Amino acid sequence: MTSSITLVAGREKSLLRRHPWVFSRAVDRVQGQPNAGDTVDILSHKGQWLGRGFYSPQSQIRARVWTFDRNEHIDEAFFLRRLERAKAGREDLIHEQGLTGYRLCAAESDGLPGVTIDVYANVVVCQLLSTGAERWRKAIVAALTSLYPGACIYERSDVAVRKKEGLKERKGLLAGTLPTEPVVIEENNGVRILIDVETGHKTGFYLDQRDNRRIAGRYCQGKRVLNCFSYTGTFGVYALKGGASEVVNADVSESALALAKQNAELNQLDLSRARFEQADVFKLLREYREQGESFDVIVLDPPKFAESKAQLNGACRGYKDINMLAFQLLNPGGVLLTFSCSGLMTSDLFQKIVADAALDAGRDAQILERLNQAADHPIGTAYPEGHYLKGLVVRAW
Ligand code: SAH
């Protein structure tokens, strides 16, 4: 018999709204002896069936829902159905933008909590971050093998958040063989990007910024561009394609910058207009200020500054600092494209921080565009936490 979890009275509300998480403090009692990853029915205090999910004994999120349909069983076929749905939902986008790299499955927002899957040409990369995902690894691989016959399936679950679920970091081949030649994807109809599947960030690349890269390119004709936290330099690729007179890509990671250079070459761009600076952006921006450097376009796409609520204040100071420095370096009429990928940072708070940064820099500034994650990173309407990437295009006078 399936184990079950009965909630504290009143704690059924979020599940009735199809939010997929059950926090430990919402659990009144557990019937049966479920192990990590086992399927459990979730019941209200009065015994009403709410959802079917998986148990995570060590996590503060004690259970996450696989399905809100009482007749749906959790088996191999369930994972195939979910992933088929995810793929169907992306077909138009893939076709319209000529994508060979895209997010196939955005975890909770695609009805598979803790399961992130990115496709890079003939390599499918999985990140399994929950006990349920861990339990059903084989079923997920079987589903992917049937959806992508002949593809290499590679796991990149080498991330610290797995600890919260009591899981160790993992990475390696799950099916097929890794191609010997470098993995290259195409996006926005013809832009080519090298992907470091085995050691790149996240699953290898930041697919979520695809639309924003294209938008950035539109502001760069004849401009001097500073691409901060450049990683593999793809904002820089679009800037050069957009006609920038010079692009400085800055990142601490030497290996990321090496790929950045190769990405510029791969797109047959004029490398004499590109520079690659290995530097701490916080220091570099101050050095540029002291040297009296200035730019027409600045991209600020830093790593996640806030991993937890406790870090949010510090994160706000970090965002304020780099945004203020960027405003100080912008020529009159210059454009800042500034981002936060911290889920805990709301759009409103981020806008306030950017406004404060402009104020401290003594600049008049206008928001021209509001930016978000690309459409293959959808946000479940019942799961607003799925909205993590936000950006602003700001003109400073
Ligand atoms: N803009 C990139 C993604 C940026 S990810 C893209 O579109 O693909 C964040 C990057 O910031 C990483 O490459 C990391 O190496 C770099 N980084 C983190 N802290 C840094 C710092 N203090 N100075 C410079 N780079 C930093």
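The structure this text deals with has already been given above.
Criteria and thresholds
- Residues numbered from 1 in each chain as written.
- Predicted model: local features only at pLDDT ≥ 70, side-chain atom pairs only at ≥ 80, totals over all residues.
- Heavy atoms only, no water.
- Helix = DSSP H or I, 4+ residues; strand = E, 2+ residues; numbered from the N terminus.
- Rg over C-alpha atoms; globule rule 2.2 N^0.38 Å.
- Buried < 20%, exposed > 50% of the residue type's maximum accessible area, 1.4 Å probe, protein only.
- Contact = heavy atoms within 4.5 Å.
- Areas by Shrake-Rupley, 256 points an atom, 1.4 Å probe, with all protein chains shown as cover.
- Lys, Arg positive; Asp, Glu negative; His and termini not counted.
- Charge placed at Lys NZ, Arg CZ, Asp CG, Glu CD.
- Pairing = 2+ DSSP bridges.
- Axes fitted to C-alpha atoms, helices over the stretch in contact; angles between N-to-C directions.
- Near = heavy atom within 4 Å.
- Nonpolar A, V, L, I, M, F, W, Y, C, P; charged D, E, K, R; others polar.
- Right-handed = clockwise from strand over helix to strand, strands pointing away.
- Salt bridge = Lys/Arg side-chain N within 4 Å of Asp/Glu carboxyl O.
- Phe/Tyr/Trp six-rings, centres within 6.5 Å; stacked < 30°, edge-to-face > 60°.

Visitor: Talk me through the overall build of the chain; I want residue IDs and the actual numbers.
Guide: A count of helices and strands for the chain gives eleven helices and 20 strands. What you see for the chain is a C-alpha radius of gyration of 22 Å, in line with the 21 Å of a compact globule of 397 residues. In terms of its C-alpha atoms, the chain occupies a principal-axis envelope of roughly 70 × 45 × 35 Å. Here the chain holds 397 residues, and the buried ones make up 56% of them. Considering only residue pairs separated by 6 or more positions, the chain has 64% of its internal contacts joining residues 24 or more positions apart. Element-wise, carbon and sulfur atoms account for 48% of the exposed surface of the chain, whose accessible area totals about 17500 Å². Here the chain contributes 51 positively and 48 negatively charged side chains, and the mean placements of these two sets differ by 5 Å.

Visitor: How would you explain the sheet that holds strand β18 (residues 330-340) if you had to name every residue and give the values?
Guide: Strands sit in the order β16-β15-β14-β17-β18-β20-β19 across an open sheet of seven strands; the sheet is mixed. Where the open sheet ends on each side, the last strands, each with one partner, are β16 (274-278) and β19 (365-372). Looking at each pair of strands side by side, their axes are set apart by 15° on average, direction ignored. Where strand β17 (residues 295-300) meets β18, five bridges bridge the pair, whose relative direction is parallel. Its bridge partner lying in β18, isoleucine 298 is registered against leucine 336. Most of the contacts of helix α9 (residues 281-291) go to strand β14 (residues 224-228), to which it runs at about 150°, and overall it touches β14, β15 (246-251), β16 and β17. Along the sheet face, helix α11 (residues 347-360) touches β18, β19 and β20 (390-396) and points at about 25° away from the line of β20.

Visitor: Break down the site of the ligand for me, citing the residues and quoting the values.
Guide: For the ligand, the set of nearby residues contains 17 residues, the closest of which are Phe229, Asp251, Asp280, Val281 and Asp301. In the complex, 90% of the free accessible area of the ligand, which totals 580 Å², lies under the protein chains. Broken down by secondary-structure element, the contributors of at least two residues to the shell around the ligand are α7 (234-241) and α9. Here the residues of the shell around the ligand sort into nine nonpolar, four polar and four charged.

Visitor: Please provide a residue-by-residue account of the pairing of β16, values included.
Guide: Relative to β16, β15 runs parallel, the two sharing five bridges. Each residue of the ladder has a partner; that of alanine 250, found in β16, is glutamate 277. Of the crossover connections in this fold, the one passing from β15 over helix α8 (residues 254-266) to the parallel β16 is right-handed.

Visitor: With reference to specific residues and values, describe the side chain of threonine 116.
Guide: Positionally, threonine 116 belongs in strand β8 (residues 115-120). In this structure threonine 116 comes out as buried when scored by relative accessible area, which is 10%.

Visitor: Explain the pairing of strand β5 (residues 49-55) residue by residue, including any values.
Guide: β5 sits mainly inside the fold: seven of its seven residues count as buried. Of the pairings in the sheet, the one linking strand β4 (residues 39-43) to β5 comprises five bridges and is antiparallel in character. Residue valine 40 lies in a different strand from β5, and its bridge partner there is glycine 53. Connecting the antiparallel pair β4 and β5 is a turn made up of five residues, with glycine 47 showing a positive phi of about 95°. With four bridges connecting them, β5 and strand β6 (residues 61-67) associate as antiparallel partners.

Visitor: Explain the sheet that holds β5 to me, using residue names and the numbers behind them.
Guide: The sheet built from six strands is open, its strands ordered β2-β6-β5-β4-β1-β3 with mixed pairing. Edge positions in the sheet fall to β2 (21-23) and β3 (27-31), since each of these pairs with one other strand and no more. Going from strand to strand, the sheet's axes swing by 35° on average, the running direction of each strand aside. Bridge analysis of strand β1 (residues 3-7) against β3 gives four bridges, and the strand direction is antiparallel. Looking at the pairing, isoleucine 5 lines up with valine 30 of β3.

Visitor: So, the pattern of salt bridges: which residues are in play, and what are the values?
Guide: As enumerated under the stated definition, the model contains 27 salt bridges in all. Across the pair arginine 170 and glutamate 155 runs a salt bridge, and its minimum N-O distance is 3.5 Å. Placement of arginine 170 in strand β11 (residues 170-175) and of glutamate 155 in strand β10 (residues 152-157) is noted, with a sequence separation of 15 residues between them. By relative accessible area, which is 37% here, arginine 170 ends up partly exposed. We classify glutamate 155 as buried; its relative accessible area is 1%. The salt bridge partner of lysine 202 is aspartate 208, with a shortest N-O separation of 3.4 Å. Overall, lysine 202 belongs to the partly exposed group, its relative accessible area being 29%. The class for aspartate 208 is buried, based on a relative accessible area of 3%.

Visitor: Pulling in residues and values, what's your account of the packing of aromatic side chains?
Guide: We describe a pair of aromatic rings using the distance from one ring centre to the other and the angle between the two ring planes. Across all of its chains, the model carries 13 aromatic pairs by this definition. Ring centres of tryptophan 21 and phenylalanine 23 lie 6.0 Å apart, and the angle between their planes is 90°; on these two criteria the pair is classed as edge-to-face. Assessed through its relative accessible area of 16%, tryptophan 21 is described here as buried. Judged by centre distance (5.9 Å) and plane angle (65°), the ring pair of tryptophan 66 and phenylalanine 78 falls under edge-to-face.

Visitor: Got a sec to walk through the side chain of arginine 137? Specific residues and values, please.
Guide: When you line up the elements, arginine 137 lands in helix α5 (residues 137-147). For arginine 137, a relative accessible area of 11% corresponds to the buried category. Those residues in contact with arginine 137 that sit more than four places away from it in its chain are Leu128, Glu155, Arg162, Arg170 and Leu174.

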